[in-house]
Amino acid sequence: MSSTAPAPHSTAPRFDVIAIGNAIVDVITAAPPSFLAERDIAKGSMRLISAEEAEALYAVMGSGREISGGSAANTVAGVAALGARPAFVGRVAQDQLGQVFTHDIRAAGVHFETPASANGNPTGRCLIVVTPDGDRTMNTYLGACQELSEADLDAATVAASGILYLEGYLWDPPAPRAAMKKAIEVARANGRKVAFTLSDVFCVEGHREDFQDLLASHVDLMFANENEARALYQTDDLGVAMAEMAKHACITVITRSEKGAVVLAGGEVHEVPAEPATRVLDTTGAGDLFAGGFMAGMVQGRSLPDCARIGCIAAAEVISHYGARPEADLRALVAARI
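Here's a quick rundown of the structure. Because the structure is a prediction, the values reported are computed rather than measured. (Residues numbered from 1 in each chain as written. Predicted model: local features only at pLDDT ≥ 70, side-chain atom pairs only at ≥ 80, totals over all residues. Heavy atoms only, no water.)

With respect to the packing of helix H12 (residues 304–318) against helix H13 (residues 330–337)
Move 1: Closest axis-to-axis distance for the H12/H13 pair is 10 Å, and the angle between their directions is 130°. When the axes of H12 and H13 are compared, the pair comes out oblique. Relative to H13, H12 is oriented so that their crossing is right-handed. Across from Ile310, Ile313, Ala314 and Glu317 in H12, the residues of H13 making contact are Leu330, Leu333, Val334 and Arg337.
Move 2: Among the residues forming the contact of H12 with H13, the class breakdown is 6 nonpolar, no polar and 2 charged. (Axes fitted to C-alpha atoms, helices over the stretch in contact; angles between N-to-C directions. Helix = DSSP H or I, 4+ residues; strand = E, 2+ residues; numbered from the N terminus. Parallel < 35°, antiparallel > 145°, perpendicular 65-115°, else oblique. Left-handed = near helix turned anticlockwise from the far one by under 90°. Contact = heavy atoms within 4.5 Å. Nonpolar A, V, L, I, M, F, W, Y, C, P; charged D, E, K, R; others polar.)

Right, dumping it as structure tokens:
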């Protein structure tokens, strides 16, 4: 596939959102906090594990569900559920989980054509332990995800997509980071928007300067939760972090769990309350679906507060069941609320 930037597009985008991220299958099981404590795993954490540890943990987990996941992949599944046209770029292997991921994302209405690798690491998986309070602890083996490279980019598809969406989780390995930087160049050269999510505090701590540079100069839309925003500026004061973020020209969205979200744009601050959830069963994917809802709203030309409201509706739906992909009719939920 070509990674050379084509001539700038003047036509309407073929896809509304194209995301680059980890292609992962989630294995979700319920367990008491003692299950984690006995294995010295911090409850509510997200950590990377080796293939060997993944096999050992999987062996002692209770019966669970295998559901395609990955942060950016979840986001574009939400974009599709809301009626927009998404595409996804991510690497899987030619194995059973790779087939599961490919089937699921295409069935969700997402364009996915990244070739599966015949050699190298197996498809990535995230072993998720959900405690009775709905909190999730994520143990991730990235596998083939880290092998994504510039060769996997179809520059014409990036150029023909209205918004390029990138996940911070994939910024760590050198090859995927180079692919995402190239995608930014292609999107910029073609007048498209660039969105980025900080993903997790550990991502911020490992790439603080890069993420600050992205916020200042390379992205149009930045997603963060409260902890990530504070970590970005090494402060315990969210107000300080928000003041720093507000200095930049891009739109910044900070999610605050049950307190809703704050949108910073053009010197304005929009506070949007959370959408009441019917129940909280599994918080996996809440931030991912919020981002999907927000961008789907942007594609539809809605106001920034309404974009955030759609994001909150999508997040409330996904935390009401196991798995990070929507199960209810999101369009109907939005139509009933906005």
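There is more to say, and it comes next.
So, helix H11 (residues 286–299)
Move 1: When the terminal C-alpha atoms of H11 are compared, their 20 Å separation across 14 residues agrees well with the 20 Å that a helix rising 1.5 Å per residue should span.
Move 2: Counting buried positions along H11 yields 10 of 14 residues, so the element is predominantly enclosed.
Move 3: Just past H11, the residue Gly301 takes up positive phi, approximately 80°. (Expected span 1.5 Å × (residues − 1). Buried < 20%, exposed > 50% of the residue type's maximum accessible area, 1.4 Å probe, protein only.)

Thoughts on the pairing of strand E2 (residues 24–30)
Move 1: Among the 7 residues of E2, 6 are classified as buried, and the element is accordingly described as predominantly covered.
Move 2: Pairing of E2 with strand E4 (residues 65–69), which is carried by 5 bridges, proceeds in the antiparallel orientation. Within E4, the residue paired with Ile28 across the bridge is Arg65.
Move 3: The sheet contact formed by E2 and strand E7 (residues 124–130) spans 7 bridges and is parallel. Residue pairing for E7: Asp26 is matched across the bridge by Cys126. (Pairing = 2+ DSSP bridges.)

Thoughts on the sheet that holds strand E12 (residues 251–255)
Strand pairing in a sheet relies on backbone hydrogen bonds. The paired strands run either parallel or antiparallel.
Move 1: Read from one edge of the open sheet, 9 strands run E6-E5-E1-E9-E10-E11-E12-E13-E14, paired in mixed fashion. At either margin of the open sheet sits one strand with a lone partner, and together these are strand E6 (111–112) and strand E14 (268–272).
Move 2: Both strand E9 (residues 161–167) and strand E10 (residues 193–197) contribute to a ladder of 5 bridges, which runs parallel. Looking across to E10, one finds that Glu167 is bridged to Thr197.
Move 3: Contacting E10, strand E11 (221–225) and E12, helix H8 (residues 208–218) crosses the sheet at an angle of about 155° to E10.

A look at the nonpolar core
Move 1: Within the largest apolar cluster, 54 residues are counted, with the highest numbers of intra-cluster contacts made by Ile20, Leu164, Phe196, Phe211 and Met245.
Move 2: It is helix H6 (residues 174–189) that provides the largest number of residues to this core, a total of 6 residues.
Move 3: For Phe211, the contacting residues outside a window of four places in its chain are Gly168, Trp171, Phe196, Leu198, Cys203, Val204, Met222 and Leu232. (Core = buried A, V, L, I, M, F, W, Y, C linked by side-chain atoms within 4.5 Å.)

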